[in-house]
Amino acid sequence: VEKNVESDNIYGRVYVDGCTQGAEKCEIVKAAVGYGSTDASDPSGFTWVEASYNPGHISDNNDEYAAKLTVDAAGEYAVAYRFSVDGVNWTYCDTDENPGYQKESATKLTVTEPPTKKIDWCNVQYPSETESVINQDSPTIYGRVFVSNCTENEKKCEDVSAYIGYAIEGSSE
């Protein structure tokens, strides 16, 4: 995922005997997904984001939660889930099915710098020449721009700013 861009959902599942069985949410469960150093053997210092219950998961006796992460620095991160039934004591979980956290079993999240955008192509589209009267708006002047991975679809490319400039013919300013 790119720095400062929301990740896809990260899912975690929990089983609480006598509570998570069936299609109903176990109301006492609190869940969060967190990220931190890949060297950490204790995830309690991770940055945590509350996870939401996924009501669409009914294929087993576990309750499933989902959350997205937005990380503001490029790098490699360990990701874990934590669950609580009292809101105070947390059980940390990695990719194996046993409660507890082992850094070797943590999900890995790679955060990259966003690609540098540049103007690939631009022009004054129309008109090629125009006249206007002092202190009155000129006719509309159209410009076009192409920025790879930004202007290809119908949505506005938020990274592009455009201005039209003018000068008296023959002047150097």
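Here, every reference points to the structure presented above.
Because the structure is predicted, anything quoted here is derived from the model rather than measured. (Residues numbered from 1 in each chain as written. Predicted model: local features only at pLDDT ≥ 70, side-chain atom pairs only at ≥ 80, totals over all residues. Heavy atoms only, no water.)

(A) Highlighting the pairing of strand β5 (residues 63-67). Burial of β5 is extensive: five of the five residues sit out of reach of the surface. The alternating pattern of β5 places D63, Y65 and A67 on one face and E64 and A66 on the opposite face, and all of these are buried. Here strand β1 (residues 10-14) pairs with β5 via five bridges, running antiparallel. When the sheet's bridge partners are listed, I10 is paired in β5 with A67. Across two bridges, the pairing between strand β4 (residues 52-53) and β5 is antiparallel. (Buried < 20%, exposed > 50% of the residue type's maximum accessible area, 1.4 Å probe, protein only. Helix = DSSP H or I, 4+ residues; strand = E, 2+ residues; numbered from the N terminus. Pairing = 2+ DSSP bridges.)

(B) Seen up close, the sheet that holds β1. One open sheet holds the three strands; their spatial order is β1-β5-β4, and the pairing between them is antiparallel. Whereas interior strands pair on both sides, the edge strands pair on one side only; in this sheet they are β1 and β4.

(C) Looking closely at a nonpolar patch on the surface. A cluster of nonpolar residues, V124, I141 and I164, forms a patch on the protein surface that exposes about 260 Å² of accessible area. By the element assignment, I141 lies in the loop between β9 (121-126) and β10 (142-146). Taking the relative accessible area as the measure of exposure, I141 reaches 33% and is therefore partly exposed. (Patch = residues over 30% accessible without salt bridge, like charges linked within 9 Å, V, L, I, M, F, W, Y side chains within 5 Å. Areas by Shrake-Rupley, 256 points an atom, 1.4 Å probe, with all protein chains shown as cover. Salt bridge = Lys/Arg side-chain N within 4 Å of Asp/Glu carboxyl O.)

(D) Seen up close, the pattern of salt bridges. A complete count under the given rule lists five salt bridges for this structure. Here D60 makes a salt bridge to R13, at a shortest N to O gap of 3.5 Å. Here D60, found in the loop between β4 and β5, pairs with R13, found in strand β1; they are 47 residues apart in sequence, far enough to count as distant. Relative accessible area serves as the criterion here: at 44%, R13 is assigned to the partly exposed category. Through salt bridges that share partners, R13, D60 and E64 make up one connected network.

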